[in-house]
Amino acid sequence: MTIKRVMVIGAGQMGAGIAQVAAQAGFEVLLHDANGTALDEGIQRIEKLLTRAVQKTRITDEEKASTLNNLKRAKKLEDARTCDLVIEAIVENMDVKSKLFRELDEITPAHTILATNTSSLPITEIAAVTNRPEQVIGMHFMNPVPVMKLVEVIRGIQTNDETYEKISQMAEELGKTSVEVADFPGFAANRILMPMINEAIYAVYEGVASPEDIDTVMKLGMNHPMGPLQLADFIGLDTCLYIMEVLYDGFADSKYRPCPLLRKYVKAGWHGKKSGRGFYVYS
């Protein structure tokens, strides 16, 4: 089976980004979101990014037109019945994802691979709700998807070699570098990144230094392109807290305990850039 037609479910920042790079790579892409307004906004976001890429001479007008021609709205989940691959990029909630994968298992043909863009939830548990666990896999893209080159390809305990090889090859066709990761809490990227961010928050909480100075230390002293607290704001502090809780619950190790200041900010509605305030204030 060759992957030709792909459905991306979830038209938020991650889903729209995945749909864009897949359409640019020549795949037929259906973008679906249960929220019609979100679907429209996702398509508009892609068009805006492509226009900006043309203005910066990164792509041609012809490449923009070809990408948009490869991209279609899918108003119904049932449209997945025509797809070789479905990539889910919805809310990080196991109950919601499990319900979706049960539905996809019934809708899609037997050959269809079901992938999730989850950043922390166990692939094995998601796969177990389907009748094709060997064809369920994790594709964890980095944000922003059109820019970042990495994709974590996560194998559940049931994922077979054929599924892994097809997804690894597809990642290469998308212009990405894939790494094979085992199904552990946080996988590789977030298991390393989130404790660093959490420790930076502890440093603020304990009065070690200001957010600005902590970020300066990491940028100038460790050559990071962005400080951990600014990065946390861009990821979303609510998302950071959720992933830390997954790590804490998954390993039962106190080193993954979320900082109380992180919990306080999230309870206050200070979720970072998307809410206008986190460790920094955004206009």
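It should be emphasised that the depicted structure is a prediction, and the values quoted were computed from it without experimental measurement.

**Q** Run through the environment of Ser 210, naming residues and quoting values.
**A** Relative to the helices and strands, Ser 210 resides in the loop between α7 (189-205) and α8 (211-221). Residue Ser 210 is classed as partly exposed on the basis of its relative accessible area, which comes to 27%. Between the alpha carbons of Ser 210 and Phe 279 there is a distance of 9.6 Å; along the sequence they are 69 residues apart.

**Q** Describe the nonpolar core, and please don't skip the residues or the numbers.
**A** Judged by nonpolar contacts, the single largest core of 37 residues is most densely connected at Leu 31 and Leu 85. Ignoring any residue separated from it by four or fewer positions in sequence, one finds Leu 31 in contact with Val 8, Gly 10, Ala 11, Gly 15, Ala 19, Leu 39, Ile 43, Ile 46, Leu 71, Lys 72, Arg 73 and Ala 74. Within the second largest apolar cluster, 25 residues are counted, among which are Ala 203, Leu 241, Tyr 256 and Leu 261.

**Q** Give a detailed account of the UniProt feature "binding site: NAD(+)" (unreviewed entry) in the chain, specifying residues and quantitative values.
**A** The feature "binding site: NAD(+)" (unreviewed entry), as annotated in UniProt, sits at Gly 10, Ala 11, Gly 12, Gln 13, Met 14, Gly 15, Asp 33, Glu 92, Lys 97, Ser 119, Asn 143 and Lys 274 in this numbering. Look at the named residues: they lie 265 residues apart in sequence, and the longest C-alpha span between them is 23.0 Å, so in the fold they stay spread out. Residue placement: Gly 12 occurs in the loop between β1 (5-9) and α1 (13-24). Look at Gly 12 and you get partly exposed, because its relative accessible area is 34%.

**Q** For the packing of α7 against helix α9 (residues 228-235), give the residues involved together with the corresponding values.
**A** What describes two packed helices is the angle between their axes and the distance between those same axes. Running from N to C, α7 and α9 cross one another at 115°; their axes reach a closest spacing of 9 Å. The angle between the axes of α7 and α9 places the two elements in the roughly perpendicular class. Read as a crossing pair, α7 and α9 show a hand that is left-handed. Each of Leu 193, Met 194, Met 196, Ile 197, Ala 200, Ile 201 and Val 204 in α7 lies in contact with α9, whose residues at this interface are Pro 228, Leu 229, Leu 231, Ala 232 and Ile 235.

**Q** For helix α4 (residues 94-107), give the residues involved together with the corresponding values.
**A** Between its first and last C-alpha atoms α4 spans 20 Å; for 14 residues at 1.5 Å apiece the expected length is 20 Å, and the two agree. In the core, the buried residues of α4 are packed alongside β1, β4 (85-88), β5 (113-116), α5 (123-127), β6 (136-141) and α10 (237-251). At the N-terminal end of α4, a side-chain oxygen is found 3.0 Å from the backbone nitrogen of Asp 95, two or three residues along, and the residue is Asn 93.

**Q** Tell me about the pairing of β4, residues and numbers included.
**A** Taking every second residue as pointing to the same face, both faces of β4 are buried, with Leu 85 and Ile 87 on one and Val 86 and Glu 88 on the other. Two strands pair when backbone bridges link them, and β1 and β4 are joined in this way by four bridges, in the parallel orientation. Along β4, the bridge assignment pairs Met 7 with Val 86. Alignment of β4 against β5, held across four bridges, turns out to be parallel. Following the sheet pairing, Ile 87 is matched in β5 by Ala 115.

**Q** Requested: an account of the side chain of Thr 108, with residues and values cited.
**A** Checked against the element boundaries, Thr 108 lands in the loop between α4 and β5. In this structure the side chain of Thr 108 is engaged in a polar contact, spanning 2.7 Å, whose partner is the backbone oxygen of Leu 104. Of note is the side chain of Thr 108, whose polar atom sits 3.0 Å from the side chain of Arg 132. For Thr 108, the residues in contact, after removing those within four places along its chain, are Ala 80, Arg 81, Val 86, Leu 114 and Arg 132.

**Q** Which residues make up the sheet that holds β4, and what values go with them?
**A** With mixed pairing, the eight strands of this open sheet are ordered in space as β3-β2-β1-β4-β5-β6-β7-β8. Looking at the sheet topology across the chains shown, the edges are occupied by β3 (71-74) and β8 (177-182). Averaged over all neighbouring strand pairs, the angle between strand axes comes to 25°, with direction disregarded. Contacts from helix α3 (residues 61-70) reach β2 (28-32) and β3 within the one sheet, and its direction differs from that of β3 by about 30°.

**Q** Which residues make up a positive patch on the surface, and what are the values?
**A** Taken together, the side chains of Lys 48, Arg 52, Lys 56 and Arg 58 present a region of like positive charge at the surface. Note that Arg 58 resides in the loop between α2 (36-55) and α3.

**Q** I'd like a description of the packing of α10 against helix α11 (residues 260-267), backed by residues and values.
**A** One can describe the packing of α10 onto α11 by two numbers: an axis separation of 9 Å at closest approach and a directional angle of 135°. Comparing the axis directions of α10 and α11 gives the class oblique. The element α10 and its partner α11 pack so that their crossing is left-handed. The residues of α11 that touch α10, namely those facing Leu 237, Asp 238, Cys 240, Leu 241 and Glu 245, are Leu 262, Arg 263, Tyr 265 and Val 266. Broken down by class, the residue content of the contact of α10 with α11 amounts to six nonpolar, no polar and three charged.

**Q** Residues and numbers for α8, please.
**A** Burial in α8 covers these residues: Pro 211, Ile 214, Asp 215 and Met 218. In an axial view of α8, the angular spread of the buried residues amounts to 95°, which keeps them on one side of the axis. Of the residues in α8, the exposed ones pointing more than 90 degrees away from the buried face are Leu 220 and Gly 221. Residues of α8 that are buried in the fold lie against α7 and α9. Backbone geometry just after α8 places Asn 223 at a positive phi near 65°.

Each value, and the rule that gives it
- Residues numbered from 1 in each chain as written.
- Predicted model: local features only at pLDDT ≥ 70, side-chain atom pairs only at ≥ 80, totals over all residues.
- Heavy atoms only, no water.
- Helix = DSSP H or I, 4+ residues; strand = E, 2+ residues; numbered from the N terminus.
- Buried < 20%, exposed > 50% of the residue type's maximum accessible area, 1.4 Å probe, protein only.
- Core = buried A, V, L, I, M, F, W, Y, C linked by side-chain atoms within 4.5 Å.
- Contact = heavy atoms within 4.5 Å.
- UniProt positions renumbered as here; feature names shortened; annotations may be inferred.
- Axes fitted to C-alpha atoms, helices over the stretch in contact; angles between N-to-C directions.
- Parallel < 35°, antiparallel > 145°, perpendicular 65-115°, else oblique.
- Left-handed = near helix turned anticlockwise from the far one by under 90°.
- Expected span 1.5 Å × (residues − 1).
- Polar contact = N/O pair within 3.5 Å; in protein donor to acceptor, adjacent residues only side chain to side chain.
- Pairing = 2+ DSSP bridges.
- Patch = residues over 30% accessible without salt bridge, like charges linked within 9 Å, V, L, I, M, F, W, Y side chains within 5 Å.
- Areas by Shrake-Rupley, 256 points an atom, 1.4 Å probe, with all protein chains shown as cover.
- Salt bridge = Lys/Arg side-chain N within 4 Å of Asp/Glu carboxyl O.
- Lys, Arg positive; Asp, Glu negative; His and termini not counted.
- Charge placed at Lys NZ, Arg CZ, Asp CG, Glu CD.
- Nonpolar A, V, L, I, M, F, W, Y, C, P; charged D, E, K, R; others polar.
- Arc of directions from axis to C-beta.

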